[in-house]
Amino acid sequence: MSKMNLPNRLTMLRLALVPVVMVLLLLPASIIRWEIAYGVGVVLFALTALTDMLDGKIARARNLITNFGKFMDPVADKFMVIGTLMALLFRMLRPDIYGLSYSSTFTVVFFVAVVMIIFRELAITSLRLVLVNSTGQVVAAKMLGKIKTVSQILCICALMIEPLVDRLICHFAPNYFFASVYPLSWLLVAVMLVFTVWSGADYIKGGWRSIATDW
């Protein structure tokens with residue numbers, strides 16, 4: 001049996017780090033302060049996201065592209081993004097046990113965004129499986145899909161970093177106008193949602209042509 005190559009090992013490492021980040025974010029404030037959870041969480045998440053960038057670059061540079069890698073890379077991305085988003089959403093829904101409050105409007109918008117992302121990923125994963133069965137080929141992630149993933153990663157990082165920056169600014173400037181508003185998070189949630197829907201529609205449009213002949 002051949003050994004798993006380095007890019008695929010990085011992909012599996014990304015999968016292994018996802019529950020670690022989730023557990024950290026789901027620990028209540030009675031165990032770990034939210035400032036520490038977010039600080040450590042964003043570092044771990046950034047390291048997890050870094051493996052996403054490295055595995056593709058290494059695979060292309062060393063000609064180590066495999067069907068396993070083409071299939072598992074986007075799957076690992078989905079676990080990484082959806083797992084972290086759901087942990088953050090749970091924190092927003094339970095400020096009483098986490099000690100950090102978001103506006104009800106932002107929580108609702110974020111909830112809708114998370115649901116849209118989950119629906120999109122389920123639809124695309126199902127379509128990818130249909131394409132494998134009908135054409136025998138694994139379709140690698142397209143550029144719009146990669147941009148979508150980057151927008152999601154940036155949004156997640158902002159959701160953890162901005163409250164920390166907000167707390168620091170309010171410490172020195174109690175009358176800070178954007179206190180607890182998180183304008184960057186609002187912006188990146190919107191950008192993430194746009195690219196999630198756009199990339200999903202583009203993938204479905206392209207994949208539909210490949211399976212339409214089965215009718």
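Visitor: Can you walk me through the overall build of the protein chain in this structure?
Guide: Per the secondary structure count, the protein chain includes seven helices and zero strands. Secondary structure elements of the protein chain occur, N-terminal to C-terminal, as α-α-α-α-α-α-α. Residue burial in the protein chain is summarised as follows: out of 215 residues, 42% are buried. Relative to all contacts within the protein chain whose residues are 6 or more apart in sequence, the contacts with residues 24 or more apart total 80%. Accessible surface for the protein chain amounts to roughly 11,600 Å². Of this, 72% is attributable to carbon and sulfur atoms.

Visitor: What is the right way to look at the packing of aromatic side chains in this model?
Guide: Both the distance between ring centres and the angle between the ring planes are used here to describe each pair of aromatic rings. Per the counting criterion, the structure on display carries seven aromatic pairs. A centroid spacing of 6.2 Å and a plane angle of 80° characterise the contact between Phe90 and Tyr98, whose relative ring orientation is edge-to-face. Among the residues examined, Phe90 registers a relative accessible area of 38% and is labelled partly exposed. On the accessibility criterion, Tyr98 (2% relative accessible area) is buried. With centroids separated by 6.2 Å and ring planes inclined at 5°, the aromatic side chains of Phe106 and Phe110 adopt a geometry described as stacked. Here Phe110 and Phe106 lie together in helix 5 (residues 104-135), a separation of four residues that amounts to about one turn. Phe106 sits in the buried class, given a relative accessible area of 2%. An aromatic cluster is built from Tyr102, Phe106, Phe110, Tyr182 and Trp186, whose rings are joined through pairwise contacts.

Visitor: For this particular structure, what's the right way to read the environment of Gly41?
Guide: Structurally, Gly41 can be placed in helix 2 (residues 34-61). Along the chain, Gly41 and Met22 lie 19 residues apart, while their C-alpha atoms are 8.5 Å from each other. Not counting residues within four places of it along the chain, the set of residues in contact with Gly41 comprises Val21, Leu24, Ile36 and Met160.

Visitor: Help me understand helix 1 (residues 6-26), please; the structure alone is not making it clear to me.
Guide: Every α-helix carries 3.6 residues per turn, so stepping three or four residues along brings you back to the same face. With 21 residues, helix 1 ought to run about 30 Å at 1.5 Å a step, and its terminal C-alpha atoms sit 31 Å apart, in line with that. Of the surrounding secondary structure, the elements contacted by the buried residues of helix 1 are helix 2, helix 3 (67-93), helix 4 (95-98) and helix 6 (143-172). The N-cap residue of helix 1 is Asn5: its side-chain oxygen and the backbone nitrogen of Asn8 are 3.0 Å apart.

Visitor: Looking at this model, I keep getting lost on the environment of Tyr38. Mind explaining?
Guide: Within the secondary structure layout, Tyr38 lies in helix 2. Overall, the relative accessible area of 1% leaves Tyr38 in the buried class. Along the chain, Tyr38 and Met160 lie 122 residues apart, while their C-alpha atoms are 5.3 Å from each other. Residue contacts for Tyr38: discarding those within four places in its chain leaves Leu25, Leu88, Arg91, Leu100, Tyr102, Leu159, Met160, Pro163 and Leu164.

Visitor: Help me understand a nonpolar patch on the surface, please; the structure alone is not making it clear to me.
Guide: The grouping of Val43, Leu47, Leu50, Met53 and Leu54 at the surface amounts to a nonpolar patch, some 410 Å² of accessible area in total. Summarising the element assignment, Leu54 is placed in helix 2.

Visitor: Hey, could you run me through the side chain of Thr196 in this one?
Guide: Mapping Thr196 onto the fold places it in helix 7 (residues 183-211). Residue class for Thr196 comes out buried when judged on its relative accessible area of 1%. Other than its neighbours up to four places away in sequence, Thr196 contacts Met116, Ile117, Arg120, Lys148 and Gln152.

The rules behind the values
Residues numbered from 1 in each chain as written. Predicted model: local features only at pLDDT ≥ 70, side-chain atom pairs only at ≥ 80, totals over all residues. Heavy atoms only, no water. Helix = DSSP H or I, 4+ residues; strand = E, 2+ residues; numbered from the N terminus. Buried < 20%, exposed > 50% of the residue type's maximum accessible area, 1.4 Å probe, protein only. Contact = heavy atoms within 4.5 Å. Areas by Shrake-Rupley, 256 points an atom, 1.4 Å probe, with all protein chains shown as cover. Phe/Tyr/Trp six-rings, centres within 6.5 Å; stacked < 30°, edge-to-face > 60°. Expected span 1.5 Å × (residues − 1). Polar contact = N/O pair within 3.5 Å; in protein donor to acceptor, adjacent residues only side chain to side chain. Patch = residues over 30% accessible without salt bridge, like charges linked within 9 Å, V, L, I, M, F, W, Y side chains within 5 Å. Salt bridge = Lys/Arg side-chain N within 4 Å of Asp/Glu carboxyl O.

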